[in-house]
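Overview (structure and organization)
Spelled out, the chains give:
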Amino acid sequence: MRDGVTPRAGALVLAVLALQLAFIASYIGAFHEPTPHRIPVAVAAPPEALDDLVGKLDRLPGEPLDARAVFSEDAARRMIDRREVYGAFIVSNTDATDRLIVAGAAGASVATALEQIITPIEDAQERAFTTEDARPAVLGDARGLSGFYLALGWVVGGYLVALAVSMSKGARPANPHRALIRLLSLAVYSALSGTGGALIAGSLFGALDGHLAQLWWFGALLVFASGCFTMALQAAFGFVGTGLTILLFVVLGNPGAGGAYPAPLLPGFWRAVGQWLPPGLGTEAIRGIVYFDGTGVQREAIVLGGYALFGLVGTLLVAQIAQPRQIVITLGQSLVPVGRRDPVQSSRP
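Heads up: these notes are all about the structure in this document. (Residues numbered from 1 in each chain as written. Predicted model: local features only at pLDDT ≥ 70, side-chain atom pairs only at ≥ 80, totals over all residues. Heavy atoms only, no water.)

A few words on the overall build of the protein. For the protein, the helix and strand inventory stands at 11 helices and seven strands. Every one of the 349 residues in the protein was classed for burial, and the buried ones make up 44%. Within the protein, contacts between residues separated by at least 24 positions form 73% of all contacts whose residues are at least 6 apart in sequence. On the protein, roughly 18000 Å² of surface is accessible, and the fraction owed to carbon and sulfur atoms is 64%. (Helix = DSSP H or I, 4+ residues; strand = E, 2+ residues; numbered from the N terminus. Buried < 20%, exposed > 50% of the residue type's maximum accessible area, 1.4 Å probe, protein only. Contact = heavy atoms within 4.5 Å. Areas by Shrake-Rupley, 256 points an atom, 1.4 Å probe, with all protein chains shown as cover.)

Rendered as structure tokens:
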């Protein structure tokens, strides 16, 4: 065994095994049993019945809904447009047919869950309801997942380019000058990646068309933030930093990103971490750009700016601390670096 596998290689194999098992556990843990948990929903009903209905919805077994009373359908629609709620339940005061307004582009699985929750409630009251999608996904964006895959592509590109650059002269930049060159290269790559991703999603496939400028700048920011953060971890921890990046962005970030199952359908841990990691930030921002007139993008951009700033400062700081230093000794009036021979003295016997 020692002839074929060094202790260091053996340790890396064990680390890869742990990462692989964590990947399996994270995805199955997040997706094996999606359950509605306090889905924000606006509720409009006749004034005499509104409070009772809101209380009843909030007290449903398992707490699937977070009902919020509004006094008109227009107010409920504004809350959907501002992404404060995933849908609205409008109770009619003239007949026995109510309406459920959903936002399919915010998550088709959440819209389906709302229909499944409301159906038995209406059946028990011998009432019926119709469903309206106020923010449907466009024809080329089946179930609103294109933004999720676009965000994942940008995040993966960010940490892979950081890995590719590190392979040339080591994960840890030897000095600030080399670190700065890597960061500038990443900035150029990010601009190209943002443009390419936006063109593919929009012009090529028509999935997220009509938002080239907004998607370009956000995509560039997402790639740059992901790459900078990865570079900082690599500078601080070497090869282990790449594993930490995969743990954060892939193992934890992807399941919590709100792709197939948005946050209200995920277990508590993934609901909490997903909104702070780049895949989730990217997914929500792209949906906001394409379907909600940019609502919510500011928060995601600020958090990603924090990732980028951490990566910039961390990479340069570690490179400054870790760079080789020459120790000098004084000989007469001159300073001679240790390890160098004086050219005059070297010719003397």
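Still more to cover.
All chains considered together, the criterion is met by 12 salt bridges. Among the ionic pairs, R38 bridges to D66, the shortest N-O distance being 3.2 Å. Here the residue R38 occupies a position in the loop between helix 1 (7-31) and strand 1 (39-44), and D66 occupies one in strand 2 (residues 65-70), the gap between them amounting to 28 residues. Classification of D66 by relative accessible area gives buried; the value is 16%. Of the charged contacts in the structure, one is a salt bridge between R135 and D81, with a shortest N-O distance of 3.0 Å. (Salt bridge = Lys/Arg side-chain N within 4 Å of Asp/Glu carboxyl O.)

This part takes up the packing of helix 6 (residues 176-204) against helix 7 (residues 212-237). Close contact between helix 6 and helix 7 brings their axes to 7 Å; oriented N to C, the two are set at 140 degrees. Here helix 6 runs over helix 7; the crossing is right-handed. Between helix 6 and helix 7, the residues in contact are R182, L183, L186, A187, Y189, S190, A191, S193, G194, T195, A198 and L199 and L212, L215, W216, G219, A220, V223, F224, G227, C228 and M231, respectively. Split into classes, the residues belonging to the contact of helix 6 with helix 7 amount to 15 nonpolar, six polar and one charged. (Axes fitted to C-alpha atoms, helices over the stretch in contact; angles between N-to-C directions. Left-handed = near helix turned anticlockwise from the far one by under 90°. Nonpolar A, V, L, I, M, F, W, Y, C, P; charged D, E, K, R; others polar.)

This next bit is on the sheet that holds strand 4 (residues 97-102). Overall, mixed pairing links the five strands, which are arranged 2-1-3-4-5 in an open sheet. The outermost strands of the open sheet, each flanked by one partner alone, are strand 2 and strand 5 (128-133). Sheet twist, expressed as the mean angle between neighbouring strand axes with direction ignored, is 25 degrees. Pairing geometry for strand 1 and strand 3 (residues 87-90), over four bridges, is parallel. Note that in strand 3 the partner of V41 across the bridge is G87. (Pairing = 2+ DSSP bridges.)

Residues L14, L17, L21, F23, I24 and I28 make up a contiguous nonpolar surface patch of about 560 Å² in total accessible area. Note on placement: I24 falls in helix 1. Owing to a relative accessible area of 40%, I24 belongs among the partly exposed residues under this scheme. (Patch = residues over 30% accessible without salt bridge, like charges linked within 9 Å, V, L, I, M, F, W, Y side chains within 5 Å.)

Further remarks concern the packing of helix 10 (residues 278-291) against helix 11 (residues 297-322). When two helices pack together, their arrangement is given by the angle between the helix axes and the distance between those axes. The contact between helix 10 and helix 11 brings their axes to 9 Å, and the two run at 150 degrees. For helix 10 against helix 11, the interelement crossing comes out left-handed. Taking contact as the criterion, the partners of P278, L281, E284, A285, G288 and I289 in helix 10 are, on helix 11, V297, R299, E300, V303, L304 and Y307. When the residues that make up the contact of helix 10 with helix 11 are grouped by side-chain class, the tally is eight nonpolar, one polar and three charged.

Attention now goes to the packing of aromatic side chains. By the definition in use, this model includes 11 aromatic pairs. Residues F31 and Y261 carry aromatic rings whose centres are separated by 5.8 Å and whose planes lie at 45 degrees to one another, so their mutual orientation is tilted. Remark: Y261 occurs in the loop between helix 8 (239-253) and helix 9 (268-274) and F31 occurs in helix 1; sequence separation between them is 230 residues. Y261 gets classed as partly exposed once you look at its relative accessible area, which sits at 27%. Through a chain of ring-to-ring contacts, three or more aromatic side chains come together here, namely Y159, F229, F249, Y307 and F310. Here R299 stacks its cationic end above the ring of W276, 4.5 Å away from the centre of that ring. (Phe/Tyr/Trp six-rings, centres within 6.5 Å; stacked < 30°, edge-to-face > 60°. Lys NZ or Arg CZ within 6 Å of the ring centre and 35° of its normal.)

Among the residues of helix 3 (residues 73-81), A75, A76, M79 and I80 are the ones counted as buried. Axial view of helix 3: buried residues confined to an arc of 145 degrees, hence all on one face. Where helix 3 ends, the next residue or the one after it, R83, has phi of about 60 degrees, a positive value. (Arc of directions from axis to C-beta.)

Despite not being glycine, R38 has its phi angle at roughly 50 degrees, a positive value. Overall, the relative accessible area of 32% leaves R38 in the partly exposed class.

Here we take up the nonpolar core. The biggest cluster of nonpolar side chains holds 78 residues, and the ones touching the most others in it are I39, L57 and I286. Residue contributions to this core peak at 11 residues, all from helix 7. Once you skip the residues sitting within four places of it in the chain, L57 turns out to touch V43, L65, A67, F89 and I121. (Core = buried A, V, L, I, M, F, W, Y, C linked by side-chain atoms within 4.5 Å.)

Side chains G87 and F89 of strand 3 all project onto a buried face; the interleaved residues A88 and I90 project onto the opposite face, where all are buried too. Of the strand pairs in this sheet, strand 3 and strand 4 are connected by four bridges, and their pairing is antiparallel. Bridge pairing links A88 to I101 in strand 4.

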